[in-house]
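In case you want the letters, here they are:
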Amino acid sequence: MATVDTTTAHSTNGRGAGAEIAVENPATGEVIAHLPDMPAARIAELAIAGRAAQPAWEALGFEGRGAVLADFRGWLMDNADRVVSTIVSETGKTYEDANLIELVYTGGALRFWVKHAERFLAEETVRVRTLVVAGKKLVTRYEPLGLVGIIGPWNYPLVNSFGDAIPALMAGNCVILKPSEITPLTSLLIADGLAECGLPAGVLQVATGRGATGGALVDEVDMIMFTGSTATGKKVMARAAETLTPVSLELGGKDPLIVLADADLERAANAAVYYSMLNGGQTCVSVERVYVEAPVYDDFLARIMDKVCTIRQGASTGPATAEVGAMTTGAQLEIVERHVADAVSKGARVLTGGHRGAGTGRFYEPTVLVDVDHTMAAMTEETFGPTLPIMRVADAEEALRLANDSPYGLAASIYTGDRERGNRLARRLQAGAVCVNDALMNYMAVELPMGGWKASGMGSRHGAGGIRKYAKQQSLMISRLHLKREPFMFPYRASTSKALFGGLRLLFGRRRKRG
Ligand code: TXE
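Residues numbered from 1 in each chain as written. Predicted model: local features only at pLDDT ≥ 70, side-chain atom pairs only at ≥ 80, totals over all residues. Heavy atoms only, no water.

Enquirer: For this particular structure, what's the right way to read the overall build of the protein?
Expert: Of the regular secondary structure elements, the protein holds 16 helices and 20 strands. With respect to the principal axes defined by its C-alpha atoms, the protein has extents near 90 × 65 × 40 Å. Within the protein, the fraction of its 515 residues that count as buried is 55%. In the protein, of all internal contacts separated by at least 6 residues, the share reaching a separation of at least 24 is 72%. Counting only carbon and sulfur atoms, one obtains 55% of the accessible surface of the protein, whose full area is about 22,500 Å². Computed over 54 positive and 55 negative side-chain charges, the inter-centroid distance for the protein is 15 Å. (Helix = DSSP H or I, 4+ residues; strand = E, 2+ residues; numbered from the N terminus. Buried < 20%, exposed > 50% of the residue type's maximum accessible area, 1.4 Å probe, protein only. Contact = heavy atoms within 4.5 Å. Areas by Shrake-Rupley, 256 points an atom, 1.4 Å probe, with all protein chains shown as cover. Lys, Arg positive; Asp, Glu negative; His and termini not counted. Charge placed at Lys NZ, Arg CZ, Asp CG, Glu CD.)

Right under this line is the structure:
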């Protein structure tokens, strides 16, 4: 576990001084730990240890690896209070945000990957449909990449850091996890728990540090899974290009929610409020903007205001003590303030909220903005805070056009009483994950691939692709022995040549009748 030292004064929130990082509780302002900012040389040492541990880890097979991770699932639940209080202390999120999303997701993901990893990575015999290879055996198979680097953000220090390590480990890789410098304590606690459950040394190592540590990690590993901002994602990809290291990137988003006139307004309003404010709005798939068809706009807004005005915000000290927690970083709080100020300067109205919360912690009040449009950063840039900008639109076509008017394409949702229409409209939304009469919770469905379009990233997590990206694919073609040579090898014979190519032309040249 981390060295806890609250006596030394450091500048706060992951910044620290020189080779040390100060970790702060954003809900109280208290410095709760100091950790090393690891230099590149230290990352190189971790990589040597990881590569040395990998063959034995791979040799354990799916069953052996699964046994360790299944045991760890038990550890996680036995130590739930400790894990939750660590998450709450370094993020400032509420007890429920830590339990419901972080713990429930991770428990489910451990169960899922332990059970299904082998099936997704099983060797497959492929049916031959290509004439010239008829009679040969075609096989695809997977092997671990070796050493995987995971660079995590601060908003979900369990889900978006260790959560991505689970399939990588089940695939037989060793992992170096670089958590955000803002929230490294959860990853260190998880590494302790894994060691208690028998994970061999070197299989999962935690590299604490800032951006430079992340950059050094990119140089050392066989694949990078990155979650964070689009700007940093581009830097990671550029650095990975130097060594042709594959990357999977989950980046920013500006997820729209559309409310059509025939929607169940109570359901839509509950979802808009909950999924924009959950985790203080600091979720990659948060509802960031809402478009409402004009006939139901006033009714929808009245319901939103009833709900937002009852939200309790503050430092979470246990079950149901607060609904919306702190802003995890000072920089993020400033972004939220900037977006609200920009919107107001261009004609938006703040119906509730619109200020920093009182007290020592870093809070921003749950905020509803109306009279917004796409000239405002609040509608076009990722806000990542407890804000809910709501725009009136003429019809579904205008809502779709505005929803797609974004460089991002992570997630989107649409509320309508007509499921079939919702299904049709969902396919016109430019986002990697779309919900009809739901939002955000699709992330919890580990069976369903989840990845962004446009500036929201590349690659995906979850589903078959969520583990195959941590493997090298090999294809095999195995020929039988009874022929000394293939019919079209040297020396060419006119008779075989004519028969072969004549036959092929007949086969491929047959034109389909039209009309
Ligand atoms: O992210 P960064 P930040 C969005 C959100 C937020 C913005 C910035 O809008 O305002 O990103 O957040 C490591 N090479 N999201 O500044 O910089 C860094 O140490 C390698 C959306 O915290 O992307 C940290 O571990 N690594 C997001 C991680 O990258 C580098 C969740 C993320 O930091 C690096 C969080 C470098 N050059 C914020 N520089 C989501 N998609 O959920 C930094 N890092």
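Moving on, there is more to tell.
Enquirer: Where do I start with the nonpolar core in this structure?
Expert: What tends to happen in soluble globular proteins is that the nonpolar side chains get buried as a cluster. F162, L204, V290, F300, I304 and I390 are the most contacted members of the largest nonpolar core, which has 118 residues in total. Top contributing element to this core by residue count: helix 4 (residues 95–120), with ten residues. Apart from the residues within four sequence positions on either side, F300 is in contact with V259, L265, A268, A269, A272, V290, V292 and I390. V336, M376, A396 and L425 belong to the second largest nonpolar core, which has 27 residues in total. (Core = buried A, V, L, I, M, F, W, Y, C linked by side-chain atoms within 4.5 Å.)

Enquirer: I tried to follow the site of the ligand on my own but got confused; where do I start?
Expert: By nearness alone, 27 residues border the ligand, and G152, W154, E181, Q332 and E382 come closest of all. Within the backbone of S229, an N or O atom sits 2.8 Å from an oxygen atom of the ligand. E250 is positioned with one of its side-chain polar atoms (N or O) 3.1 Å from a nitrogen atom of the ligand. Relative to its unbound accessible surface of 820 Å², the ligand loses 83% to contact with the protein. Of all the elements in the fold, those that place two or more residues in the shell around the ligand are helix 7 (211–220), strand 8 (223–227), helix 8 (230–242) and helix 11 (330–345). Taken together, the residues that form the shell around the ligand break down as ten nonpolar, eleven polar and six charged. (Near = heavy atom within 4 Å. Polar contact = N/O pair within 3.5 Å; in protein donor to acceptor, adjacent residues only side chain to side chain. Nonpolar A, V, L, I, M, F, W, Y, C, P; charged D, E, K, R; others polar.)

Enquirer: Just checking my understanding: could you explain the pattern of salt bridges for this structure?
Expert: Two side chains carrying opposite charge are able to pair once their charged atoms lie near each other. Under the definition given, this model contains 23 salt bridges. A salt bridge links D438 to R267, with the shortest nitrogen-to-oxygen separation between them at 3.9 Å. Of this pair, D438 sits in the loop between strand 17 (433–436) and strand 18 (453–454) while R267 sits in helix 9 (residues 265–277), and the two are 171 residues apart along the sequence. Classification of D438 as partly exposed rests on a relative accessible area of 31%. Owing to a relative accessible area of 44%, R267 belongs among the partly exposed residues under this scheme. Residue R338 is joined to E381 by a salt bridge in which the shortest nitrogen-to-oxygen separation is 3.8 Å. Of this pair, R338 sits in helix 11 while E381 sits in the loop between helix 12 (377–380) and strand 14 (387–393), and the two are 43 residues apart along the sequence. Each of E266, D299, R303 and K307 takes part in salt bridges that share partners, so that together they form one network. (Salt bridge = Lys/Arg side-chain N within 4 Å of Asp/Glu carboxyl O.)

Enquirer: Help me understand the sheet that holds strand 14 in this model?
Expert: Each strand in a sheet pairs with its neighbour through backbone hydrogen bonds, running either in the same direction (parallel) or in the opposite one (antiparallel). Strand order in the open sheet formed by seven strands is 12-13-14-11-10-16-17, with mixed pairing between adjacent strands. Sheet topology places strand 12 (349–352) and strand 17 at the edges, where each strand pairs with a single neighbour. This sheet shows a mean twist of 20° between the axes of neighbouring strands, independent of strand direction. As paired strands, strand 16 (residues 411–415) and strand 17 are joined by four bridges and run parallel to one another. Across the sheet, residue I414 finds its bridge partner in strand 17, namely V436. Helix 10 (residues 294–308) contacts strand 10 (256–259), strand 11 (289–293), strand 12, strand 13 (367–370) and strand 14 of the sheet and is inclined by roughly 165° relative to strand 14. (Pairing = 2+ DSSP bridges. Axes fitted to C-alpha atoms, helices over the stretch in contact; angles between N-to-C directions.)

Enquirer: What's the story with the pairing of strand 8 in this structure? I'm lost.
Expert: Each regular strand carries side chains that alternate between the two faces of the sheet. Among the five residues in strand 8, five count as buried, and that is most of the element. Sheet topology note: the strand 8/strand 9 (residues 247–250) ladder contains four bridges and is parallel. Residue pairing in the sheet places F226 in a bridge with L249 of strand 9. Regarding the hand of the β-α-β motif, the stretch spanning strand 8, helix 8 and strand 9 is right-handed. (Right-handed = clockwise from strand over helix to strand, strands pointing away.)

Enquirer: How should I be thinking about the packing of aromatic side chains in this particular structure?
Expert: Aromatic ring pairs: the centre-centre distance and the angle between the two ring planes describe each pair. Overall, the coordinates contain nine aromatic pairs when judged by the stated rule. For the ring pair Y105 and Y443, a centre distance of 5.6 Å and an interplane angle of 45° mean the geometry is tilted. Pair noted here: Y105 is in helix 4 and Y443 is in the loop between strand 17 and strand 18, with a separation of 338 residues, a long-range link. Its relative accessible area of 4% is what places Y105 among the buried residues. Taken together, a centroid distance of 6.0 Å and an interplanar angle of 45° make the contact between F112 and F120 tilted. Its relative accessible area of 9% is what places F112 among the buried residues. Look at F120 and you get buried, because its relative accessible area is 10%. Each residue in the set F72, W75 and F162 is aromatic and connected to the rest through ring pairs, giving one cluster. (Phe/Tyr/Trp six-rings, centres within 6.5 Å; stacked < 30°, edge-to-face > 60°.)

Enquirer: It is not clear to me how the packing of helix 9 against helix 10 should be interpreted in this structure. Could you clarify?
Expert: Packing of helix 9 against helix 10 leaves a shortest axis separation of 9 Å and a crossing angle of 50°. Compared by their axis directions, helix 9 and helix 10 come out oblique. Helix 9 and helix 10 meet at a crossing whose hand is right-handed. Taken together, the residues of helix 10 that come into contact with helix 9 (itself represented by L265, E266, A268, A269, N270, A272 and V273) are V296, D299, F300, R303, I304, K307 and V308. Residue composition of the contact of helix 9 with helix 10, grouped by class: nine nonpolar, one polar and four charged. (Parallel < 35°, antiparallel > 145°, perpendicular 65-115°, else oblique. Left-handed = near helix turned anticlockwise from the far one by under 90°.)

All we've got here are geometric facts, nothing functional implied.
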